[in-house]
Amino acid sequence: MMNNRQLADTFTLIANLSEIKGEVIYVILAYRKASENLMTLGREASEYWKEGKLREIPAVGKAISEKIDELLTTGKLEFLEKLKQEVPASLADWLQVPGLGPRKISLIWRTLNITALSELETAAKNGQLRDLPGMGVKSESTILEGIASLARRSGRIPLGRAYPLAQQIITTLKRVKGVVAAESAGSLRRMRSTVGDLDILVASKDSAAVMEAFINLPGVSRVLGKGETKSSIEFTDGVRAQVWVHAPEKFGTALQYATGSKDHNVQLRQIALAKGLSLSEHSFTRANGEIFCATEQEVYKTLGLPWIPPELREDHGEVQAAKENKLPNLIEVKDIKADLQTHSTWSDGKLSMLEMAQAAAKRGMKVIAFTDHSASLGVTGGLKMEDHKKQAAEIKKIQKQLGDKILVLHASEVEIKADGTLDYPDEFLATLDLVVASMHTSLRQTREKVTQRTINAIRNPHVDIIGHPTGRLISDREGADLDMEAVFKAAAETGVALEINAHPSRLDLDDRYARRAKELGIPISINTDSHSEDDFDNLFYGVAIARRAWLTRDDVINCWSTKKLLSWLNKKH
Ligand code: DGT
Ligand code: CA
Ligand code: ZN
């Protein structure tokens, strides 16, 4: 059965091939929109399908629901097979080349009869493109540059890399004369787990000075465009950034626009129109003049709405919630009082338990659980059962030194083995304060197997939390092909918590699953999975994902008082 990602990829492919074929734009946009919504859906489309409710998926109308139905029934799509006979599927990759649009692709393909990206590169190198209508030596070199930059750019940028880079850029730009404010915008400000590029907003009356500083940032390899309000650059590692400069009195409107998402902004413009206003990047306009907004608060206020936190601006119901004054009171970093997955030198961590506990206490934690790995994860120096006696004794010792600054829990990150059993027997698990169960191996098992493995762990009465449930590594590997709805069902029944692992290479659960879990009343646990002191700072990313999932303090067990947390753990054991 196809999962959401496979369905989304199919519709993106259809959109791309249709574009090269020359299909009308609104049809292409409909496919793209459906693909996007499938990617961000909290439940599998196949679940809606079983209930006969495909049309309830946003942006899925009659034509697309019929295609999903065919794909789920047969695993294939006649329409796509026909389309591929008209337009070879490998041409879709060409659209990724900067500077190459569908019309040129169609022209090159039809004239030279080439379909592979490597053939395109050869043709450009051999000077075969310059004589095609509308092209020249310049377009040849643009295409070659585009192919080279595509090779450097390996897809979207992980938030953990984009965020610190943007902070550096912002710090530099704030020092430029005349700059009143500088802030991130786009998907970065919305804290998506990956971003396409970095968008930065600057308030200044002297745009030229900002642009000059921007294109001269260290590590810039190319200037993609330089203008009065907007400039774009590419760094040597392929990361792209753009800056928008606006006068301080328009900063609110500009920031709101550049933060997006596009779909959120469409909603706002509709509200504006209903009030007889037109909202642009610069201002509101109405019959008798313009309204400028220096802050975002004023933009939303003009629309009769409370300010909406950027993490919610995905057109996932936030505008309606704002209208009804039902926006969630989103969780913040300072609400987190416990870190329930950390590692010490007892397994693969870099610091002793005492050092880790002190570092956590310094960051305001009241509870820390040491979840050193269990034995079967050999590479991490996992603990055998007998090792735990010694670890327990050391915990007792350091607890005396720490006093009531922070409570140390003796826990374990127990491996869910490939056969679905846990690494320690139940009698032993019962002796621990807390059990996190996770998978690190055999993630590519069939959906049935890997789902059953996770459910076994959830149904074990000693397991409290499932660590990084899907096992995805952002930009390295996809998560296991879990039947998430089945996992959620088991977790809801047993009251086991699911983790949002805050490490920026994981961010697992992601926001759409975390939101679905909340809907089903499943407790969430946000943990840093720290192996060193700096890792504790990753909490910020985990909380960002939780905010994108609409989570409040009450949804997250790490925010509870020590008393409530301990009584929850006791009840489970
Ligand atoms: P990304 O970079 O792919 O992760 O996604 P975003 O959301 O950062 O999108 P990007 O970088 O293409 O554009 C930055 C912002 O600019 C976006 O969040 C909203 C605004 N924007 C861009 N294109 C359009 C558009 O066609 N219409 C509207 N209303 N806003 C746009
Ligand atoms: Ca962006
Ligand atoms: Zn782990």
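Conventions used here
Numbering of residues starts from 1 in each chain and follows the order in which that chain's sequence is written. To label them, take the chains in the order written and letter them from A, then take the ligands in the order written and number them from 1. With the structure being a predicted model, the display of local features is reserved for residues of pLDDT at least 70 and the display and counting of side-chain atom pairs for 80 or more, all residues being used for whole-chain, interface and lining totals. Water and hydrogen atoms play no part in the side-chain values, which are based on all heavy atoms of the structure. An automatic or database domain assignment supplies the residue ranges for each domain. Metal donors: N, O and S atoms at distances within 2.8 Å, or within 3.2 Å for Na, K and Ca, with water omitted from the atom set so that some sites may seem incomplete. Irregular is the label for any site that misses the other tests, which are tetrahedral for four donors with all angles between 85 and 135 degrees, and square planar for four donors or octahedral for six when opposite donors exceed 155 degrees and the remaining angles lie between 65 and 115. A 1.4 Å probe rolled over the protein chains alone gives each residue an accessible area, and that area as a share of the maximum for its type sets the label: buried under 20%, exposed over 50%, partly exposed in between. For two strands to be treated as a pair, DSSP must find at least two bridges joining them. A run of H or I in DSSP becomes a helix once it reaches four residues, and a run of E becomes a strand once it reaches two; helices and strands are each numbered from the N terminus. Where helices are involved, their axes are fitted lines through C-alpha atoms of the stretch in contact, as for all axes, and angles between N-to-C directions lie from 0 to 180°. We call two residues in contact when some of their heavy atoms are within 4.5 Å. Multiplying 1.5 Å by the helix residue count minus one yields the expected span of that helix. Stacked, edge-to-face and tilted are the three classes for Phe, Tyr and Trp ring pairs, Trp counted by its six-membered ring, which pair at centre distances within 6.5 Å; planes under 30 degrees apart are stacked, over 60 edge-to-face, the rest tilted. Charge-over-ring placement is defined geometrically: NZ (Lys) or CZ (Arg) within 6 Å of the ring centre, and within 35 degrees of the ring normal.

Asks: Break down the domain arrangement of the protein for me, with residues and values.
Replies: By domain assignment, the protein separates into domain 1 (4-152), domain 2 (157-246), domain 3 (251-323) and domain 4 (333-572). Centre-to-centre, using C-alpha coordinates, domain 1 lies 32 Å away from domain 3.

Asks: Report on the coordination of the calcium ion (ligand 2), specifying residues and quantitative values.
Replies: Every protein donor of the calcium ion (ligand 2) is listed here as D197 (O), D197 (OD) and D199 (OD), and their distances to the metal cover 2.1 to 3.0 Å. Geometry at the calcium ion (ligand 2) is irregular, judged from its six donor atoms and the angles of 64 to 168 degrees they form at the metal. Accessibility expressed as a relative area gives 23% for D197, which makes it partly exposed.

Asks: Could you give an account of the sheet that holds strand β2 (residues 179-185), with specific residues and numbers?
Replies: Hydrogen bonds along the backbone pair up the strands of a sheet, which may run parallel or antiparallel. Sheet architecture is open: five strands sit in the order β2-β4-β7-β6-β5, paired in mixed fashion. The strands lining the two open edges of the sheet, one partner per strand, are β2 and β5 (220-226). Mean inter-strand twist for the sheet, computed between neighbouring axes without regard to direction, equals 20 degrees. As judged from the five bridges shared by strand β6 (residues 230-235) and strand β7 (residues 240-246), these two strands associate in the antiparallel manner. Paired with I233 across the strands is A241, a residue of β7. Across the sheet, helix α12 (residues 207-215) lies against β2, β4 (198-204), β5, β6 and β7, angled at about 170 degrees from β7, the strand it touches most. The strands touched by helix α13 (residues 251-259) within the sheet are β2, β4 and β7, with β2 carrying the most contacts at an inclination of about 20 degrees.

Asks: Residue-level account of helix α2 (residues 25-39), with values.
Replies: Over its 15 residues, α2 extends 21 Å from the first C-alpha to the last, a length consistent with the 21 Å expected when each residue adds 1.5 Å. Where α2 is buried, its residues meet α1 (4-21), α3 (45-50), α4 (62-74) and α5 (78-86).

Asks: Give a detailed account of the coordination of the zinc ion (ligand 3), specifying residues and quantitative values.
Replies: Protein ligation of the zinc ion (ligand 3) involves E413 (OE), H440 (NE2) and H468 (NE2), the donor distances falling in the range 2.1 to 2.3 Å. The sequence motif formed by the donor residues of the zinc ion (ligand 3) is E-x26-H-x27-H. Placement of H440 in the loop between β14 (434-438) and α20 (447-459) and of H468 in the loop between β15 (465-466) and α21 (484-494) is noted, with a sequence separation of 28 residues between them. Neither H440 nor H468 differs from the other in exposure class; each is buried.

Asks: Describe in detail the packing of aromatic side chains, supporting the description with residues and values.
Replies: In total, this model carries nine aromatic pairs according to the counting rule given. Arranged with centres 6.3 Å apart and planes meeting at 15 degrees, the rings of F11 and Y31 form a pair that is stacked. Residue F11 is located in helix α1, and its partner Y31 is located in helix α2; the two are separated by 20 residues in the primary sequence. Consider the rings of Y424 and F428, whose centres lie 4.8 Å apart with planes at 65 degrees: the pair is edge-to-face. Taken individually, Y424 and F428 each receive the classification buried, so the pair is uniform in this respect. An aromatic cluster of at least three residues, connected via ring pairs, comprises F11, Y31 and F79. K67 extends its terminal NZ or CZ atom over the ring of F79, reaching a point 4.4 Å from the ring centre. If you follow K230 out to its NZ or CZ, it ends over the ring of W244, 5.0 Å from the centre.

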